[in-house]
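A closer look at the structure
So the chains spell out like this:
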Amino acid sequence: LGLGMELLDRGEASKEDIDTAMRLGAGHPMGPLTLADYVGHDTILAIVQGWRKLYPDNPDFKEPECLKKLVAEGKLGRKTGEGFYKWDGAKKL
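These notes cover the structure that comes with them.

Scoring rules and cut-offs
Residues numbered from 1 in each chain as written. Predicted model: local features only at pLDDT ≥ 70, side-chain atom pairs only at ≥ 80, totals over all residues. Heavy atoms only, no water. Helix = DSSP H or I, 4+ residues; strand = E, 2+ residues; numbered from the N terminus. Buried < 20%, exposed > 50% of the residue type's maximum accessible area, 1.4 Å probe, protein only. Lys, Arg positive; Asp, Glu negative; His and termini not counted. Salt bridge = Lys/Arg side-chain N within 4 Å of Asp/Glu carboxyl O. Polar contact = N/O pair within 3.5 Å; in protein donor to acceptor, adjacent residues only side chain to side chain. Contact = heavy atoms within 4.5 Å. Patch = residues over 30% accessible without salt bridge, like charges linked within 9 Å, V, L, I, M, F, W, Y side chains within 5 Å. Areas by Shrake-Rupley, 256 points an atom, 1.4 Å probe, with all protein chains shown as cover. Phe/Tyr/Trp six-rings, centres within 6.5 Å; stacked < 30°, edge-to-face > 60°. Lys NZ or Arg CZ within 6 Å of the ring centre and 35° of its normal.

Attention now goes to the side chain of Asp37. Within the secondary structure, Asp37 is located in helix H3 (residues 32-39). No salt bridge is formed by the buried Asp37; its nearest oppositely charged neighbour, Lys92, is found at 7.1 Å. In terms of polar contacts, Asp37 uses its side chain to reach the backbone amide nitrogen of Tyr85, at 3.0 Å. With sequence-adjacent residues up to four places away left out, Asp37 is seen in contact with Leu76, Gly77, Arg78, Gly83, Phe84, Tyr85 and Trp87.

Below you can see the structure in the form of structure tokens.
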């Protein structure tokens, strides 16, 4: 999830391209940004912050800027109807 968000933060790919690449290229049932919307951005941020406290020197546990921004805006994913994507219940719009 974090690496997909990092690609987005760096502007290397669109959210759609990141998700499509992982679905078609790696055979995942959904891309990392769609999965993040399912899990909930507040939940993911809390987990990453916990890992960061335990392993402060590990760059894998960096808090993605796009994740922090979404949480600050209250866009927590499917449960609020908007995250990386807009949602109507379980349906991505």
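Bringing a nonpolar patch on the surface into the picture now. A cluster of nonpolar side chains, Leu1, Leu35, Tyr38 and Val39, forms an exposed patch at the surface whose accessible area comes to about 300 Å². Here Val39 lies in helix H3.

What follows concerns the environment of Gly74. With respect to the secondary-structure elements, Gly74 resides in the loop between helix H5 (65-72) and strand E1 (87-88). As a C-alpha pair, Gly74 and Gly89 span 15 residues in sequence and 17 Å in three-dimensional space.

Counted according to the given criterion, the structure contains three aromatic pairs. Seen from their ring centres, Tyr38 and Trp87 are 5.2 Å apart, and the 80° between their planes marks the pair as edge-to-face. Separated by 49 residues along the polypeptide, Tyr38 in helix H3 and Trp87 in strand E1 bring together distant segments of the chain. Since its relative accessible area comes to 7%, Trp87 is described here as buried. Clustering of aromatic rings is evident, with ring pairs tying together Trp51, Tyr55 and Phe61. The positively charged end of Lys15 is found above the aromatic ring belonging to Tyr85, 5.0 Å away from the centroid. The side chain of Lys92 reaches across the aromatic face of Tyr85, ending 4.1 Å from its centre.

One pass over the structure, following the stated rule, counts seven salt bridges. Of the charged contacts, one joins Glu65 and Lys68 as a salt bridge, the two residues approaching to 3.1 Å between their closest N and O atoms. With a gap of three residues between them, Glu65 and Lys68 both fall in helix H5, about one helical turn apart. We classify Glu65 as partly exposed; its relative accessible area is 48%. Owing to a relative accessible area of 30%, Lys68 belongs among the partly exposed residues under this scheme. For Lys75, the salt bridge identified is with Glu82, shortest N-O distance 3.6 Å. A single salt-bridge network, built from bridges that share partners, covers Lys69, Glu73, Lys75 and Glu82.

Nothing here speaks to function; it is all geometry.
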